[in-house]
Amino acid sequence: MIDAAVEQLLRQDPKSYVIPAEVVANVTATNTLEHALMVLSKVGYTRIPVLAPDDHLQGLLALSDVTDNLLRVPGAAVENLNQILVSDVMRPVTHWVDDPTKLEKILNLLVDEPFLPLVDDQMVFQGIITRREILKRVNYLAHNLNRQYTVTPKMVDTPAN
Ligand code: 4BW
């Protein structure tokens with residue numbers, strides 16, 4: 001359980017730590033890997049969501065999924081990536097959130113995941129919650145906890161000398 005005071009400070013205005021779908025780089029499952037490589041190179045992110053044409057979240061694509069295929073054939077040219085679709089190599093989505101206020105789940109998952117997709121109850125993509133945005137909140141918390149709360153240490157037994 002997250003401490004109530006900590007949760008209250010972290011949770012203020014949850015929408016502000018969600019990067020909305022409109023500004024999240026993505027590809028569709030029917031795109032070729034050549035197109036996906038162009039998108040990944042342009043945006044500079046190493047892993048992005050794969051969406052269906054109706055914006056349902058379908059998977060994740062990492063730059064390494066593309067380069068692995070590029071390097072599989074010695075001397076292969078980028079044009080060969082035209083033969084492979086994103087759906088052939090994308091990874092399943094194993095972790096996501098459907099409520100940006102579920103901070104306990106978000107904090108636990110972001111230990112191992114660089115970002116979490118946010119979806120609605122139909123799995124329609126709404127945006128992402130990144131480690132960076134949550135760390136900004138934790139940083140705010142670290143600097144402001146004692147402005148809003150009185151933090152006093154509990155009495156602990158000290159070892160006898
Ligand atoms: O192009 C970039 N711009 C900015 N502002 N920061 C970047 C960029 N590329 C990398 N970064 C930084 C961020 O701090 O490196 C971190 C790791 O990037 P990643 O994982 O390995 O590409 C970034 O950390 P983050 O902001 O906490 O983002 C975590 C992950 O979330 C990224 C990427 O997989 C995804 N992501 C973030 N913003 C995205 C995005 N994916 C698509 N579109 C976005 N707008």
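Residues numbered from 1 in each chain as written. Predicted model: local features only at pLDDT ≥ 70, side-chain atom pairs only at ≥ 80, totals over all residues. Heavy atoms only, no water.

Draft legend 1. The nonpolar core, seen in detail. If you look at the biggest cluster of nonpolar residues, it comprises 16 residues, and the most contacted ones within it are Val27, Leu33, Leu61, Val66 and Val86. Contributions of two or more residues to this core are made by helix 2 (33–43), strand 3 (47–51), helix 3 (63–72) and helix 4 (86–89). The element best represented in this core is helix 2, accounting for five residues. Among residues more than four places away in sequence, those in contact with Val66 are Leu33, Leu37, Leu40, Leu61 and Leu81. With 15 residues, the next largest nonpolar core counts Leu9, Tyr17, Ile106 and Leu118 among its residues. (Core = buried A, V, L, I, M, F, W, Y, C linked by side-chain atoms within 4.5 Å. Buried < 20%, exposed > 50% of the residue type's maximum accessible area, 1.4 Å probe, protein only. Helix = DSSP H or I, 4+ residues; strand = E, 2+ residues; numbered from the N terminus. Contact = heavy atoms within 4.5 Å.)

Draft legend 2. How the structure looks around the pattern of salt bridges. Summed over the entire model, instances satisfying the criterion amount to six salt bridges. Two residues, Asp98 and Lys102, come together in a salt bridge whose shortest N-O distance is 2.9 Å. The exposure class of Asp98 is partly exposed, given its relative accessible area of 43%. Note on Lys102: relative accessible area 36%, which makes it partly exposed. Here the residues in one salt-bridge network are Arg132, Glu133 and Lys136, joined through shared partners. (Salt bridge = Lys/Arg side-chain N within 4 Å of Asp/Glu carboxyl O.)

Draft legend 3. Broad picture of the pairing of strand 6 (residues 125–130). Taken across its six residues, strand 6 has five buried, putting it largely inside the fold. Where strand 1 (residues 19–20) and strand 6 come together, two bridges link them in antiparallel fashion. Bridge pairing in strand 6 links Ile19 to Ile128. In this antiparallel pair of consecutive strands, strand 5 (residues 115–119) and strand 6, the connection spans five residues, and Met123 shows a positive phi of 65°. (Pairing = 2+ DSSP bridges.)

Draft legend 4. Fine view of the layout of surface pockets. Roughly 340 Å³ of internal volume is contained in the largest pocket. Looking at the largest pocket, it is lined by 16 residues, and the ones nearest its centre are Ile19, Tyr45, Phe115, Ile128 and Thr130. Those elements that place two or more of their residues in the lining of the largest pocket are strand 3, strand 6 and helix 6 (131–148). Of the residues assigned to the lining of the largest pocket, the class counts are ten nonpolar, two polar and four charged. (1 Å grid on protein atoms, 1.4 Å probe; cavity = no way out; pocket = protein on both sides within 12 Å on 5 of 7 lines; lining within 4 Å. Points joined across faces, edges and corners; volume = space filled by probe spheres on them. Nonpolar A, V, L, I, M, F, W, Y, C, P; charged D, E, K, R; others polar.)

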